[in-house]
Amino acid sequence: MRSVGIWFVAVATAAAVGFLIVPSLILGAPLEPVMGVVQKIFYFHVPSATMLFLSTFVCAGGSIAFLFKGSEAGDRVAAAAGELAVLFGACTLVTGPLWGRKAWGVWWQWDARLTSALLLELIMIGYLLARRYGGPAGRKLSAALALFAAIDVPLVYKSVDIWRTVHPQTTVVPTLDPRMRPAFWSGFALILLVWALLFMLRLRLERARSDLAALRLDAEDLLETSS
Amino acid sequence: MKQKRRFARRWFLLIGALAWGAPALAVAQEFEKVSGAVREEIPARPLVAAAYGFIWIAILAYVVFVARGLGRVRQDLGDLRAKIDRAVTRVDDRAPRP
């Protein structure tokens, strides 16, 4: 039990409870008069996009610690958050067009919000590729990319207010119908818990890799001496 | 002069033909109401199901990916520790006994 971690168990339990409660709240939420059933994608689309932003900021924070203080822990945090940014970015970029197909009649529009969100996802994919295939300088190169990604986040968020787009504006959540709020916020909490679980799990993998690398270095001398 | 008249006559005929055909073209381009026409309806439920399905399958696939990676690294750690233990035993055996 100690190896699994008390926080991991607590978050997993809360997420399991959420899985039981949230679907009924979403099914019970009133239908949006113009879009109808398809608007229910909103309850997971918006939290997924928020997790994309959160992951990008965490990745940038870890990258700053690695770049300017040489923190290995910061690099591990950045690596874990970088993958989650790509995962939740994919969820956002897939659920959005599914919603748009019904609401706008098209799968995709090259408007400011959609294009900047796609750009953010591509930067984060670039982060992972630079990290994986960048060679000795890969970690520093990817850390610099994470900073650019973090700069893109406010641009993605405010794009709907700055430019004319087909995408709903940032005022949607604050002005949400009170009867839709329980479904939205419970869905948001569930996705946040799932994010925390995945982050802890991924961080554990990164720590284990780091332990393995350190042990390999220690073992090299010993194995040479014994043979 | 005769040539000029022929040229004017040709233009007159062409414009006349166009003027005669124009209402027909206009009628052809008008939208006609057809009773019982099929209206394109995009079904919403499969789109909602696909959206929710994608999110949970993607998360599940990621959990499997990370768990497999963790299992592999732990296996490597175990193997390396066993190797180190064997090496330490060998070094101890070679060391001169008092």
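The structure presented is a predicted model; accordingly, all values stated were derived computationally and were not measured.

### Focus on the overall build of chain A
Part 1 of the reasoning: Scanning chain A for helices and strands turns up six helices and zero strands.
Part 2 of the reasoning: Across chain A, helices and strands are ordered from the amino to the carboxyl terminus as α-α-α-α-α-α.
Part 3 of the reasoning: Burial statistics for chain A: of 227 residues in total, 46% are counted as buried.
Part 4 of the reasoning: Looking at chain A alone, contacts between residues at least 24 apart form 74% of all its contacts between residues at least 6 apart.
Part 5 of the reasoning: Counting every atom, chain A has about 11500 Å² of accessible surface; 69% of that belongs to carbon and sulfur.
Part 6 of the reasoning: Positive and negative side-chain charges in chain A, numbering 20 and 15 respectively, have mean positions lying 8 Å apart.

### Things to note about the overall build of chain B
Part 1 of the reasoning: From N to C terminus, chain B includes two helices and zero strands.
Part 2 of the reasoning: Put simply, chain B has 98 residues, and 18% of those count as buried.

### Concerning the packing of helix α2 (residues 42–69) of chain A against helix α3 (residues 72–103) of chain A
Residues and elements named next belong to chain A.
Part 1 of the reasoning: Put simply, α2 and α3 touch, their axes get as near as 7 Å, and they point 155 degrees apart. Comparing their axes, α3 and α2 come out roughly antiparallel. Along this stretch, α2 crosses α3, giving a crossing that reads as left-handed.

### Points about the packing of helix α4 (residues 112–133) of chain A against helix α5 (residues 138–162) of chain A
All names here are of chain A.
Part 1 of the reasoning: Packing of α4 against α5 leaves a shortest axis separation of 9 Å and a crossing angle of 170 degrees. By the angle between their axes, α4 is roughly antiparallel relative to α5.
Part 2 of the reasoning: Class assignment of the residues belonging to the contact of α4 with α5 gives a composition of 17 nonpolar, five polar and four charged.

### What about a positive patch on the surface?
Part 1 of the reasoning: A cluster of like positive charges, contributed by A:R216, B:K83, B:R86, B:R90 and B:R94, occupies part of the molecular surface.
Part 2 of the reasoning: Considering each element in turn, the positive patch owes the most residues, four residues, to helix α2 (residues 44–94) of chain B.
Part 3 of the reasoning: In this structure, B:K83 sits in helix α2.

### Focus on the interface of chain A and chain B
Part 1 of the reasoning: Contact residues are listed per partner, giving 42 residues for chain A and 34 residues for chain B.
Part 2 of the reasoning: Seen at the junction of chain A and chain B, the total is zero salt bridges.
Part 3 of the reasoning: Applying the counting rule to chain A against chain B returns three residue pairs in polar contact (both at pLDDT 80 or more).
Part 4 of the reasoning: Listing elements by their share of the side of chain A that touches chain B, those giving two or more residues are α1 (6–28), α2, α3 and α6 (181–226) of chain A.
Part 5 of the reasoning: It is α6(A) that contributes the most residues to the side of chain A that touches chain B, 19 residues altogether.
Part 6 of the reasoning: In the side of chain A that touches chain B, the residues fall into 27 nonpolar, six polar and nine charged.

### Looking at the environment of A:L223
Part 1 of the reasoning: On the secondary structure map, A:L223 appears in helix α6.
Part 2 of the reasoning: Taking relative accessible area as the criterion, A:L223 reaches 26% and is therefore assigned partly exposed.
Part 3 of the reasoning: A C-alpha to C-alpha distance of 43 Å links A:L223 and A:L122, two positions 101 residues apart in sequence.
Part 4 of the reasoning: Excluding anything up to four places from it in sequence, A:L223 contacts B:K83 and B:A87.

### Some details on a nonpolar patch on the surface
Part 1 of the reasoning: A surface patch of nonpolar side chains, amounting to about 560 Å² of accessible area, comprises B:F7, B:W11, B:L14, B:I15 and B:L18.
Part 2 of the reasoning: Looking at the secondary structure, you find B:F7 in helix α1 (residues 2–29).

### Overview of the packing of aromatic side chains
Part 1 of the reasoning: The final tally for this structure, using the stated rule, is 13 aromatic pairs over all chains.
Part 2 of the reasoning: Between the aromatic rings of A:F184 and A:W185, the centroid separation amounts to 4.9 Å while the plane-to-plane angle is 75 degrees, which identifies the pairing as edge-to-face.
Part 3 of the reasoning: Centre to centre, the rings of B:Y62 and B:F65 are 6.1 Å apart; their planes meet at 35 degrees, and the pair counts as tilted. With B:Y62 and B:F65 both in helix α2 and three residues apart, the pair spans about one turn of that helix.
Part 4 of the reasoning: Relative accessible area serves as the criterion here: at 8%, B:Y62 is assigned to the buried category.

### Points about the nonpolar core
Soluble globular proteins: nonpolar side chains tend toward being buried together.
Part 1 of the reasoning: Within the largest apolar cluster, 72 residues are counted, with the highest numbers of intra-cluster contacts made by A:Y43, A:F44, A:L84, A:L87, A:F88 and A:L198.
Part 2 of the reasoning: If you tally residues by element for this core, the top one is α6(A), at 17 residues.
Part 3 of the reasoning: Not counting the four nearest positions on each side in its chain, A:Y43 is found in contact with A:I26, A:A29, A:P30, A:M180, A:A183, A:F184, A:G187 and B:Y52.

Cut-offs used in this document
- Residues numbered from 1 in each chain as written.
- Chains lettered and ligands numbered in written order.
- Predicted model: local features only at pLDDT ≥ 70, side-chain atom pairs only at ≥ 80, totals over all residues.
- Heavy atoms only, no water.
- Helix = DSSP H or I, 4+ residues; strand = E, 2+ residues; numbered from the N terminus.
- Buried < 20%, exposed > 50% of the residue type's maximum accessible area, 1.4 Å probe, protein only.
- Contact = heavy atoms within 4.5 Å.
- Areas by Shrake-Rupley, 256 points an atom, 1.4 Å probe, with all protein chains shown as cover.
- Lys, Arg positive; Asp, Glu negative; His and termini not counted.
- Charge placed at Lys NZ, Arg CZ, Asp CG, Glu CD.
- Axes fitted to C-alpha atoms, helices over the stretch in contact; angles between N-to-C directions.
- Parallel < 35°, antiparallel > 145°, perpendicular 65-115°, else oblique.
- Left-handed = near helix turned anticlockwise from the far one by under 90°.
- Nonpolar A, V, L, I, M, F, W, Y, C, P; charged D, E, K, R; others polar.
- Patch = residues over 30% accessible without salt bridge, like charges linked within 9 Å, V, L, I, M, F, W, Y side chains within 5 Å.
- Salt bridge = Lys/Arg side-chain N within 4 Å of Asp/Glu carboxyl O.
- Polar contact = N/O pair within 3.5 Å; in protein donor to acceptor, adjacent residues only side chain to side chain.
- Phe/Tyr/Trp six-rings, centres within 6.5 Å; stacked < 30°, edge-to-face > 60°.
- Core = buried A, V, L, I, M, F, W, Y, C linked by side-chain atoms within 4.5 Å.

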